[in-house]
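An overview of the molecular structure
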Amino acid sequence: MARKFHPCRIAKPTPDQKELAYKLAQAEAPHRYGDLVAGMLAVERRSWWGDKGKRFSVGFPRTAPAELKARILKYANKWAEFANVEFVDDDTKPIVRITFGAGGYWSYLGSDILGIPENEATMNLEGFTARTSDEEFDRVVCHEFGHTLGCPHEHMRQELVARLDPRKTKAYFRQTQGWSAAEVEQQVLTPVSEKSLFGTEHSDELSIMCYQLPGSITKDGKPIRGGDRINANDAAFIASIYPKAKPIVIPPVGGKAPEFVMNGRRYQVLDVGAA
Ligand SMILES: [Zn+2]
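This write-up is about the structure you can find in this document. (Residues numbered from 1 in each chain as written. Predicted model: local features only at pLDDT ≥ 70, side-chain atom pairs only at ≥ 80, totals over all residues. Heavy atoms only, no water.)

A look at the coordination of the zinc ion
Ideal geometry at a metal centre: 109.5 degrees between donors when four sit tetrahedrally, and 90 or 180 degrees when six sit octahedrally. Protein coordination at the zinc ion: the donors are Cys-8 (SG), His-143 (NE2), His-147 (NE2) and His-153 (NE2), at 1.9 to 2.0 Å from the metal. Ordering the donors of the zinc ion by residue number gives the pattern C-x134-H-x3-H-x5-H. Placement of both His-143 and His-147 in helix α3 (residues 134–148) is noted, with a separation of 4 residues, approximately one turn of the helix. His-143 gets classed as buried once you look at its relative accessible area, which sits at 8%. (Donors = N, O, S within 2.8 Å, 3.2 Å for Na, K, Ca; no water. Helix = DSSP H or I, 4+ residues; strand = E, 2+ residues; numbered from the N terminus. Buried < 20%, exposed > 50% of the residue type's maximum accessible area, 1.4 Å probe, protein only.)

A short note on the pairing of strand β4 (residues 85–89)
Pairing geometry for strand β3 (residues 54–59) and β4, over 5 bridges, is parallel. Residue pairing in the sheet places Arg-55 in a bridge with Glu-86 of β4. Between the parallel pair β3 and β4, the chain is carried across by helix α2 (residues 66–76), and the sense of this crossover is right-handed. (Pairing = 2+ DSSP bridges. Right-handed = clockwise from strand over helix to strand, strands pointing away.)

Examining α2
Listed as buried for α2 are Leu-68, Arg-71, Ile-72, Leu-73, Tyr-75 and Ala-76. Where α2 is buried, its residues touch β3, β4, β5 (96–99), β7 (123–125) and α3. (Contact = heavy atoms within 4.5 Å.)

Comments concerning the sheet that holds β3
Spatially, the 6 strands line up as an open sheet ordered β1-β6-β7-β5-β3-β4, and their pairing is mixed. Each edge of the sheet is formed by a strand with only one pairing partner; in this case those strands are β1 (8–10) and β4. Pairs of neighbouring strands in the sheet enclose a mean axial angle of 25 degrees, with direction left out of account. Strand direction decides the pairing type here: β3 and β5, joined by 2 bridges, are parallel. (Axes fitted to C-alpha atoms, helices over the stretch in contact; angles between N-to-C directions.)

Points about the packing of α2 against α3
The geometry of α2 relative to α3 is characterised by a closest axis approach of 8 Å and an angle of 65 degrees between their N-to-C directions. Seen along the crossing, α2 lies across α3 with a hand that is right-handed. Contacts from Leu-68, Arg-71, Ile-72, Tyr-75 and Ala-76 in α2 reach Asp-134, Phe-137, Asp-138, Val-141, Cys-142 and Phe-145 in α3. Grouping the amino acids of the contact of α2 with α3 by side-chain chemistry returns 8 nonpolar, no polar and 3 charged. (Left-handed = near helix turned anticlockwise from the far one by under 90°. Nonpolar A, V, L, I, M, F, W, Y, C, P; charged D, E, K, R; others polar.)

Pasting the structure below:
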């Protein structure tokens, strides 16, 4: 099904902001990297919030209607079904600061937001209103809050970048988004270093963190389908890196039930494709 493509950009902190953010995140919950399982999807190690669980206060512009705020939090908290995280409406020094202005969809990555001045937004959802469709909330809000949890773009994984034709990709983003060649290079064509990630060697093009990219810009002519909701792999991975105290069972929709074990606990992963 065709629909208008709205890509999102990951906002980059300055080196000083990044260093500050990392120190603050470490001070809050020292990170241990040793015993985490790899999964599909990925999290930037330096932007991870640690495995202690995290409650995120979320702030909105004063003019944001209560219904809009509630809907954003409802979709953001789809991650909380699987991970030991929670997003709450709290404008006293909010950790996540949302705006709705021009500039498209963007977010900082994970704990990078700790280094951003408190009067600056950490996420932008251009044009979101209470009238935006549920489908768009599901796709965009879950995706952007995936960035808040530290997940980079899945299409920036080596395996998927290698499928793109650079010349056609630059032309496509220039035409559809007005992005410069340098911007496309940074946001689409430079793979993230796999060493910097928790994750497997394989990427998942149906991840909520993956763009939809047309077959006209891939070398093999096949589209990168992209994800439009948190899928089973996303759920399993986020559960593994932000573990809850008790094992979770993701509700079945159909298909087989893969399992994974993390820190001695057994998790069952079923198809979470349908709402
Ligand atoms: Zn994104």
